[in-house]
Amino acid sequence: MANMALVVPGALPGKSGMENDLGRMIDALPSLVWTTKADGTGDFVNRYWRDYAGLTLDEARAAGWMSIVHPHEVVAVCAAWKAAVGAGRSAEFEGRLRRFDGAYRRFSIRAAPFHDDAGRISGWCGVSSDIEDRKRAEAQLAAEKRLLELVARGMALSEILDELCFQVEALRPGSLCSILFADADGLRFRVGAGPNLPPPYSAVLDGLKVDPSFGPCSLAIATRSTVIAADPPNDPRWCGSAWPGMMVEFGLGSCWSAPIFGSHGEVLGIFAIY
């Protein structure tokens, strides 16, 4: 940090060596650390923050720590931050932050004010901790409990499968799920669930012949393996199939298909995420 010409809030004045040591320590922390002036205007982010966001120090200073907040959450995060600054109190909230590769992960964001000798707020320090994995684990556990509850209540299989799709879609925003069963002879599909898929799309799948050249669900059955179609219209595996056109028609961008195995290793069907 010696080359940043920046005094880290909290460092002792006139103690450049201590400032440098503190700066190196803050840069090494495995959390996104940032500071602002008394009015909430950003003036520093640590190296971990810059590496996560993929921004240089100058870019980070110009953009501010809130520049990587998810567009859908920036209003709520901004309101919580302004409320804290206005009240002069510590704050804790959550938000998704954009990584250098465009992916968003959920963080717990905590901020607390610094005070000068007269007791006035002279700045703020914030620490953003990655809680994405914990949140996913909690959501998955809740989904499992919900499904077990339905089973224990004796709910119909169709309702349980629909709920399974709902839970997966909640865990993966922007996705749509489908469960297809294979007939006993393995020649055709039967729709088990797909509550949010376009009904005309599901109607085509119900009774569809298992044909590896048609689409990834059939190929997953034939190969007994997961099949990913990231760009169906340009995937040579489906160049002679009507399936890529269906995907485009119904606004579906990609498909992940995985076989569902029975207790004896037989393929019972397919779980697909669009």
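Residue positions are given per chain, counted from 1 along the sequence in the order it is written. Local features in this predicted model are restricted to residues of pLDDT 70 or higher, and side-chain atom pairs are both shown and tallied only at a pLDDT of 80 or more, whereas totals for entire chains, interfaces and linings draw on every residue. Only hydrogens and water are removed before side-chain values are computed, so all heavy atoms of the structure are retained for them.

So, on to the layout of surface pockets. Lining residues are defined by having an atom within 4 Å of a point belonging to a cavity or pocket. Those points lie on a 1 Å grid over the protein atoms alone, cavities being sets where a 1.4 Å probe fits but cannot get out and pockets being open sets with protein on both sides within 12 Å along at least five of seven lines. Grid points are joined across faces, edges and corners, and a volume is the space filled by probe spheres set on the points. In this structure, the largest pocket occupies an estimated 350 Å³ of space. Taken together, H70, R96, Y104, R106, E132, K135, R136, A139, A170, L171, R172 and P173 make up the lining of the largest pocket. In DSSP terms, a helix is any run of H or I states spanning at least four residues, a strand is any run of E spanning at least two, and both are numbered starting from the N terminus. Top element by residues in the lining of the largest pocket is helix α5 (residues 132-152). It accounts for four residues.

When you line up the elements, S218 lands in helix α8 (residues 216-223). Residue classification places S218 among the buried residues on the basis of a relative accessible area of 2%. In protein, a polar contact requires one atom able to donate a hydrogen and another able to accept it; more generally it is a pair of N or O atoms within 3.5 Å, and residues adjacent in sequence count only if both atoms are side-chain atoms. A polar atom in the side chain of S218 sits 3.0 Å from the backbone nitrogen of D211. Should any heavy atoms of two residues lie within 4.5 Å, those residues are considered in contact. For S218, the residues in contact, after removing those within four places along its chain, are F189, K209, V210, D211 and P212. With a 1.4 Å probe rolled over the protein chains alone, any residue whose accessible area is under 20% of its type maximum counts as buried; one over 50% counts as exposed, and the rest are partly exposed.

Attention now goes to empty space enclosed by the protein. For the coordinates displayed, the defined rule picks out two cavities of 30 Å³ or more. Space inside the largest cavity adds up to approximately 70 Å³. Lining the largest cavity we find L180, F189, Y201, L205, L208, F214, G215, P216, C217, S218, W243 and Y274. At the level of secondary structure, the elements contributing two or more residues to the lining of the largest cavity comprise α7 (199-205) and α8. Counting residues per element, the lining of the largest cavity draws most heavily on α8, at three residues. Class assignment of the residues belonging to the lining of the largest cavity gives a composition of 10 nonpolar, two polar and no charged. Its volume calculated, the second largest cavity comes out at about 40 Å³. W34, T35, G42, D43, F44, V45, A60, R61, G64 and W65 together form the lining of the second largest cavity. Counting residues per element, the ones that place at least two in the lining of the second largest cavity are β1 (32-37), β2 (42-45) and α3 (57-63). In terms of residues, the lining of the second largest cavity owes the most to one element, β2, which gives four residues. Each residue gets one label: Ala, Val, Leu, Ile, Met, Phe, Trp, Tyr, Cys and Pro are nonpolar, Asp, Glu, Lys and Arg are charged, and the others, such as Gly, are polar. Its residues assigned to classes, the lining of the second largest cavity shows five nonpolar, three polar and two charged.

Any two of the Phe, Tyr and Trp rings considered here, Trp counted by its six-membered ring, make a pair once their centres fall within 6.5 Å; the pair's planes then place it as stacked at under 30 degrees, edge-to-face at over 60, or tilted in between. The tally for this structure, following the rule as stated, stands at six aromatic pairs. Judged by centre distance (5.9 Å) and plane angle (80°), the ring pair of Y201 and F250 falls under edge-to-face. Pair noted here: Y201 is in helix α7 and F250 is in the loop between α9 (243-249) and β9 (255-261), with a separation of 49 residues, a long-range link. Overall, the relative accessible area of 0% leaves Y201 in the buried class.

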